[in-house]
Amino acid sequence: MNIHNVSSPKHDLFHYVLRQGDTPLILAQRLCEWCGHAPELEIDLALANIGLDLLGQSRHFLSYAATLSGTGLDEDHLAFGRDEREFLNLLLVEQPNGGFNDTLVRQFFIDAYHVLLHQALSQSRDPQLAAISTKSLKEVDYHLRFSRGWMIRLGDGTELSHGKIQQSINQLWRFTGELFHCDEIEQRLAEDGIAVDPRTLHEPWLQIVNETFAEATLDTPPEQPYRQGGKQGLHTENLGYMLAEMQYLQRTYPNCIW
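Residues numbered from 1 in each chain as written. Predicted model: local features only at pLDDT ≥ 70, side-chain atom pairs only at ≥ 80, totals over all residues. Heavy atoms only, no water.

Looking only at helices and strands, the protein has ten helices and zero strands in total. In sequence order, the secondary structure elements of the protein are arranged as α-α-α-α-α-α-α-α-α-α. For 258 residues, the compact-globule estimate of 2.2 N^0.38 gives 18 Å, and the C-alpha radius of gyration of the protein, at 18 Å, lies within 12% of that figure. Dimensions of the protein along its principal axes, counting C-alpha atoms only, are 55 × 45 × 30 Å. Per-residue burial over the protein gives 54% buried out of 258 residues. Contacts spanning at least 24 positions in sequence make up 80% of the contacts within the protein whose residues lie at least 6 apart. Just so you have it, the protein exposes about 12100 Å², and 52% of that area is on carbon and sulfur atoms. Of the side-chain charges in the protein, 20 are positive and 35 negative, and the distance between the mean point of each set is 3 Å. (Helix = DSSP H or I, 4+ residues; strand = E, 2+ residues; numbered from the N terminus. Rg over C-alpha atoms; globule rule 2.2 N^0.38 Å. Buried < 20%, exposed > 50% of the residue type's maximum accessible area, 1.4 Å probe, protein only. Contact = heavy atoms within 4.5 Å. Areas by Shrake-Rupley, 256 points an atom, 1.4 Å probe, with all protein chains shown as cover. Lys, Arg positive; Asp, Glu negative; His and termini not counted. Charge placed at Lys NZ, Arg CZ, Asp CG, Glu CD.)

With that settled, the discussion passes to the packing of aromatic side chains. Describing an aromatic ring pair means giving the distance of the ring centres and the angle of the ring planes. A complete count under the given rule lists ten aromatic pairs for this structure. An aromatic cluster is defined as three or more aromatic residues linked by ring pairs; in this entry it consists of Phe108, Phe109, Tyr113, Trp173, Phe180, Trp205 and Phe213. Seen from the ring of Phe87, Arg82 lies directly overhead, with NZ or CZ sitting 4.1 Å from the centre. (Phe/Tyr/Trp six-rings, centres within 6.5 Å; stacked < 30°, edge-to-face > 60°. Lys NZ or Arg CZ within 6 Å of the ring centre and 35° of its normal.)

For Gln224, the position within the fold is in the loop between helix H8 (202–215) and helix H9 (237–246). Expressed as a C-alpha distance, the spacing of Gln224 and Phe87, which sit 137 residues apart in the sequence, is 26 Å. In this view, Gln224 contacts Asn170, Trp173 and Arg174; residues no more than four positions away in its chain are not counted.

This paragraph deals with H8. For H8, spanning 14 residues, the distance from its first C-alpha to its last is 20 Å, which sits close to the expected 20 Å at 1.5 Å a residue. Every buried residue belonging to H8 is among Trp205, Leu206, Ile208, Val209, Thr212 and Phe213, and all of these are buried. Around the axis of H8, the buried residues are gathered within 160 degrees of arc, so they sit on the same side. Exposed and oriented more than 90 degrees from the buried face of H8 are Glu203 and Ala214. Here the buried face of H8 lies against helix H4 (100–121), helix H5 (127–155) and helix H6 (159–172). Thr217 sits one or two residues past H8 and shows a positive phi near 60 degrees. (Expected span 1.5 Å × (residues − 1). Arc of directions from axis to C-beta.)

So, about the state of the cysteines. One pass over the structure, following the stated rule, counts zero disulfides. There is no disulfide at Cys35, and the cysteine sulfur nearest it, in Cys32, is 7.0 Å away. (Disulfide = S-S within 2.5 Å.)

Residue placement: Asp126 occurs in the loop between H4 and H5. Here Asp126 is buried and forms no salt bridge, its nearest opposite-charge partner Arg125 lying at an N-O distance of 9.3 Å. Side-chain polar atoms of Asp126 contact the backbone nitrogen of Leu129, separated by 3.0 Å. Here Asp126 is in contact with Leu13, Tyr64 and Ile194, once residues within four sequence places are set aside. (Salt bridge = Lys/Arg side-chain N within 4 Å of Asp/Glu carboxyl O. Polar contact = N/O pair within 3.5 Å; in protein donor to acceptor, adjacent residues only side chain to side chain.)

In the predicted model, the protein carries a mean pLDDT of 92, and 96% of its residues have values of at least 70. Looking over the protein, one finds the lowest element-wise mean pLDDT in helix H10 (residues 248–252), namely 84, and the highest in H8, namely 98. (pLDDT = per-residue confidence, 0-100.)

Although it is not a glycine, Thr217 adopts a positive phi angle of roughly 60 degrees. With respect to the helices and strands, Thr217 occurs in the loop between H8 and H9.

Summarising the element assignment, Glu94 is placed in the loop between helix H3 (75–80) and H4. On a C-alpha basis, the gap between Glu94 and Glu211 in space is 26 Å, while along the polypeptide they are 117 residues apart. Excluding residues that lie within four positions of it along the chain, Glu94 makes contacts with Ile26, Arg30, Asn89, His235, Thr236, Asn238 and Leu239.

Positionally, Gly193 belongs in the loop between helix H7 (184–191) and H8. By relative accessible area, Gly193 is classed as partly exposed at 24%. As a C-alpha pair, Gly193 and Leu179 span 14 residues in sequence and 19 Å in three-dimensional space. Apart from residues lying up to four places away in sequence, Gly193 is in contact with Ser124 and Arg125.

With that out of the way, let us pick up the pattern of salt bridges. For the structure shown, the criterion picks out eleven salt bridges. Across the salt bridge formed by Glu75 and Arg59, the nearest N and O atoms sit 2.8 Å from each other. Taken together, the residues span a long stretch of sequence, with Glu75 in helix H3 and Arg59 in helix H2 (residues 41–69) at a distance of 16 residues. Taken together, the shared-partner salt bridges in this structure form one network comprising Arg19, Asp183, Glu186 and Lys231.

So, in structure tokens, the structure goes:
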């Protein structure tokens, strides 16, 4: 299936819903890579549970996207049957886990964004989008409490933990600008009351981030050029390696069943 061949008038909505499904799918895969490897058992369980929450959200969005595609395919094909350039996730979530500090900062940035996104999408004129976001909001609220709490704990902790968190913030900050980049698809759907104009989320996101940084004694990085392209299928090299592992079973044994 070539996602770029899905015809209008469903083209915009299909691609928008696919974006909402791809971002939590890729992040869930990243978080579940920590299973059995996290620094504490509590963190190990928490990251796995957050990953499962995100996987559930992804399934709802991808199932809806499959219906919109009109191809008769399902969410499993969208997850395991597409190539790298057909994934429309944000670049931030495909970045490697690195140390726990890198995973935590990545999670905090996306959690703050997801809370605001689902709050806004729960008011969408599209009843399916509104329903998925209303259900997801309860989960992402918890995700933000978890990641924000650890940001404060480590940022305002030892000199070593503070330095590691600040280093991760500085490294990942260039991927946050894409969260608020609005393209023509989002603009058209936002004007119809279906999607969220991501530009409207930037200020409240910065408020959450800056308040957390202040409590954690962390510094906000200076303005810098940001990376974008994930929502259009242009990714970093990290996604290809991840998909090779994530899609291995289905690619090796197509349509296998248990």
